[in-house]
Amino acid sequence: MADKLQHVDFYQLASDETGALAAQLSEKAAAIAKKVVIHAPKEACQNISRDLWTLRDLSFLAHGIDGDDGAEFADIWISSDGDKNQIEAEFAILMAGQGVRDMTAYERCFIIFNGKDEEELAHARGQWKALSDDFKGRCRYFAKSDEGKWEQKAQG
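Everything numeric here is computed off the predicted structure, so don't read it as measured data.

Turning our eyes to something else, we now look at the packing of helix H1 (residues 18-31) against helix H2 (residues 45-54). Closest axis-to-axis distance for the H1/H2 pair is 8 Å, and the angle between their directions is 50°. When the axes of H1 and H2 are compared, the pair comes out oblique. When you trace H1 past H2, the crossing you get is right-handed. In this structure, H1 contributes Gly19, Ala20, Ala23 and Ser26 to the contact, and H2 contributes Ile48, Asp51 and Leu52. Classifying every residue of the contact of H1 with H2 by side-chain character gives four nonpolar, two polar and one charged.

With that settled, consider unusual backbone geometry. Here the phi dihedral of Glu88 falls at roughly 55°; this positive angle occurs in a residue that is not glycine. One can find Glu88 in the loop between strand S4 (76-79) and strand S5 (91-95). A positive phi angle, near 55°, is found at Ala96, a position not held by glycine. The residue Ala96 is located in the loop between S5 and strand S6 (108-114) in this model. In this structure Ala96 comes out as partly exposed when scored by relative accessible area, which is 31%.

Let's shift gears to the nonpolar core. Core analysis: the largest hydrophobic core is formed by 24 residues, its most contacted members being Ile38, Ile93, Met95 and Ile112. No other element matches the five residues that H1 contributes to this core. Counting residues in each nonpolar core, the second largest holds 23 residues, with Leu5, Val8, Met103 and Ile111 among its members.

Let us now look at the pairing of S5. Taking burial as the measure, the five residues of S5 include five buried ones, the bulk of the element. Alternating residues of S5 divide into Phe91, Ile93 and Met95 and Ala92 and Leu94, and every residue in both groups is buried. Relative to S5, strand S2 (residues 36-39) is paired through four bridges, and the arrangement is parallel. Along S5, the bridge assignment pairs Val37 with Ala92.

The rules behind the values
- Residues numbered from 1 in each chain as written.
- Predicted model: local features only at pLDDT ≥ 70, side-chain atom pairs only at ≥ 80, totals over all residues.
- Heavy atoms only, no water.
- Axes fitted to C-alpha atoms, helices over the stretch in contact; angles between N-to-C directions.
- Helix = DSSP H or I, 4+ residues; strand = E, 2+ residues; numbered from the N terminus.
- Parallel < 35°, antiparallel > 145°, perpendicular 65-115°, else oblique.
- Left-handed = near helix turned anticlockwise from the far one by under 90°.
- Contact = heavy atoms within 4.5 Å.
- Nonpolar A, V, L, I, M, F, W, Y, C, P; charged D, E, K, R; others polar.
- Buried < 20%, exposed > 50% of the residue type's maximum accessible area, 1.4 Å probe, protein only.
- Core = buried A, V, L, I, M, F, W, Y, C linked by side-chain atoms within 4.5 Å.
- Pairing = 2+ DSSP bridges.

Purely geometric numbers; function is a separate question.
Below, the structure written as structure tokens:
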């Protein structure tokens, strides 16, 4: 398969607000007509689904989740199976240490992790080391500034 991958973006959170960030990234992807598959631990999928429904007071992000029908119509899908891309998404959001079989099948991958969780932080560091070697110049690391804005802190 041809290498479509343009960027692997790492987002370090200072708390467990991963669902809200996944919803924000999904909203931005939808605005540019890109499909998104969100890979998360099975126990987190329902919470992420809730965050997609409640991101904005006056709108929601329509989506599907493993076990639902309608993958052929969905632009956002939540899955605990990293081997599946039910909706042929261009973007993948990987949460809490989740992975996918082939990152190069996506245009962009977002790796979201809680920087205060030692296990997630260690896993993300290992991913950064491996991926920044494999995808030289296409790995970027983001963290929030003191003002609460996302800033690129590193590129590998």
